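Residue-level listing of the chains:
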Amino acid sequence: MNPLTRFVFELQEISVLIWRSFVSLFSQPRYVGEWIKQMDLIGVGSLPIVLLTGFFTGGVLVLQTFPTLQYYSIQNESGRSVATSLIRELGPVLSALMVSGRIGSAIAAELGSMVVSQQIDAMRAFGTDPNRKLVSPRLIALILMLPLLTVAADIFGLMGGAIVANQLYSQDISVFVNSARNGIQVEDIIGGVIKPIFFGLVIGSVACHKGLTTTGGTVGVGRATTDAVVIASIWVIIFDFFLSKALQYVLDVGPM
Amino acid sequence: MVEDLQEKPFMADGSEVITDFEEPINDRNRIAPVIEFRDVHLAFDEKVILDGVSFSVRRGETKLILGRSGGGKSTTIRLILGLLKPDSGQILIDGEDITNYSEEEMMPVRQKIGMVFQEGALFDSISVYENVAYRLREQNVDEEEIEHEVRRMLRFVDLEDAIDKMPAELSGGMRRRVGIARALVGDPEIVLYDEPTAGLDPPTARTICELAIKLRDLQDVSSIFVTHEMNNVGYLSSEYAIINESGEVVFEKEGERLCLINTEVIMLRDGKVMFNGTDEQLRSSQDPYIHNFVYGKN
Ligand SMILES: Nc1ncnc2c1ncn2[C@@H]1O[C@H](COP(=O)(O)OP(=O)(O)O)[C@@H](O)[C@H]1O
Ligand SMILES: [Mg+2]
């Protein structure tokens, strides 16, 4: 298969996977227990790394931009600059990349080893639809948890920024907070929450598809895992661009 | 008319003793095969795996499938479960053509089938109990009945002690036996074994063959038993299980008086059925490939 055919073929398979999982939500059995388990694993489990990432990203943003802002004597606006870039871009994208590394790889590895040890075959043989039991709960959990994780990362990022501005550049916390509060638009927040919904879908569907199509024994599981993370991350970044453009258009915050 | 004939043997009041393995053949179910392959072809990309395979398994019969590894034995079994679809040909289960069945349509068919996977394929995130209970849970059976069934099955494979263990804590032979217990829950009429003794020590392998013999002779289960070990063929095609006066299951060897007719062998080679017959025919075959397979080199 040439690369283009292969790409179209995989895209089709992923679409079918998403569609099947979606349809399966409308009938029994739904395995709600699995949903909760996955939400716990994905949401609660990823919280520490996402918070750390957010905190230090916010911090470094202030660290790097403060001198420039000071040069133009607008250092009182550092809160605004951090808030905008965090909420619009860095919060969603960095959280998605962290989750793709941590959860995308885990999903692909788990499903991949279930394939090579015939556990998926066994499930089907004993009357379970793997889409229902394995794919849907993971997609649901990612779609619901990633926006929440992103919001948490944003908040920690602002805290990180405030602490750096205060400790290293002796700016008053209230100045930072006020500037951030003035800088944040409702559109930013909506956009910042819509993006991770899509990222969650991308990460989950790519990882589940890679895992479920694993071939070639344990070596294959390794390959599926790497592929899942790399492909999901690339798609997150590509999607981010187009989503940003689409959101600018829809929310009417385009270039003035 | 046919219905009448079918009912008769079961209406016998017990005075009529049915001699071992000489059961009446006027049972319609015994004439229609439980599993039937009709000219099945399957290729992965360019690689032909099955090239016109036809065979059938009668009710109560055990079919031993022999063949080199990579010869398409597991593939054959996956086709029966509908986990894979053939490129052409037909597959019938209980006379029902399942070739083009969708995943949903396959579900009731799969309920008739118990599958023992090659390496056990236990779900390693859940305990032995949950593994064996798996099928019943999917059917929303109530907990009391599940526990009863699980214990009964684990007792059958002599592993009741391991009920709360996780699969990772079990030895290879134990995993295989849990796999058998899981397959037997719900008393399927068909059991498929994919190399259930591969990699096991001889006594454990023997135990697993005895389980298969008991199911065949005492519970009238039809099965396909994939193996490439000739001693498995020896056990399954020359011994039978009966219950003696004190109610114990004993295994006896076939003799001049009695010859097992419910076990046959087929051999796959290059995607074709190259041999189909009894083990006696297999052992006396002049074909160099079969001779080589049965007796090793030469
Ligand atoms: N899903 C698949 N895709 C491609 N090739 C496969 C697939 N499943 C099995 N094969 C190939 O089919 C051949 C037969 O496999 P299998 O039925 O497992 O053999 P056996 O059980 O007799 O050892 C092997 O060469 C295997 O590599
Ligand atoms: Mg095999």
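Residues numbered from 1 in each chain as written. Chains lettered and ligands numbered in written order. Predicted model: local features only at pLDDT ≥ 70, side-chain atom pairs only at ≥ 80, totals over all residues. Heavy atoms only, no water.

Novice: Just to check I follow, could you spell out the nonpolar core for this structure?
Specialist: Burial of nonpolar side chains together is a common tendency in soluble globular proteins. Residue and element names in this part refer to chain B. Of all hydrophobic cores here, the largest spans 74 residues; its most connected members are I35, F37, L192 and I224. In this structure, this core is formed jointly by two domains, domain 1 (3-24 + 34-112 + 188-295) and domain 2 (113-187), each of which donates at least three residues. Setting aside chain neighbours within four positions, we find I224 in contact with I35, F55, V57, K63, I65, I77, I80, V191, L192 and Y193. Residues V128, V150, C209 and F225 belong to the second largest nonpolar core, which totals 47 residues. (Core = buried A, V, L, I, M, F, W, Y, C linked by side-chain atoms within 4.5 Å. Buried < 20%, exposed > 50% of the residue type's maximum accessible area, 1.4 Å probe, protein only. Domains from an automatic or database assignment. Contact = heavy atoms within 4.5 Å.)

Novice: Please explain the coordination of the magnesium ion (ligand 2) as it appears in this structure.
Specialist: Geometrically, a metal with four donors at the corners of a regular tetrahedron has ideal angles of 109.5 degrees, and one with six donors at the corners of a regular octahedron has ideal angles of 90 or 180 degrees. All names here are of chain B. Around the magnesium ion (ligand 2), the protein contributes the donor atoms S74 (OG) and Q118 (OE1), at 2.0 to 2.7 Å from the metal centre. Of this pair, S74 sits in helix α3 (residues 73-80) while Q118 is found in the loop between β6 (113-116) and α5 (128-138), placing the two residues 44 residues apart along the sequence. Given the relative accessible area of 22%, S74 is considered partly exposed. Overall, Q118 belongs to the partly exposed group, its relative accessible area being 23%. (Donors = N, O, S within 2.8 Å, 3.2 Å for Na, K, Ca; no water. Helix = DSSP H or I, 4+ residues; strand = E, 2+ residues; numbered from the N terminus.)

Novice: What am I meant to see in the packing of aromatic side chains here?
Specialist: The description of an aromatic ring pair uses the distance of the two centres, along with the angle that the planes make with each other. Residue and element names in this part refer to chain A. Per the stated rule, a full pass over the model turns up 11 aromatic pairs over all chains. Residues F7 and W235 carry aromatic rings whose centres are separated by 6.1 Å and whose planes lie at 20° to one another, so their mutual orientation is stacked. Of the two residues, F7 sits in helix α1 (residues 3-24) while W235 sits in helix α8 (residues 217-251), which places them 228 residues apart along the sequence. Note on W19 and F22: the rings are 5.9 Å apart at their centroids and 35° apart in plane angle, and the pair reads as tilted. (Phe/Tyr/Trp six-rings, centres within 6.5 Å; stacked < 30°, edge-to-face > 60°.)

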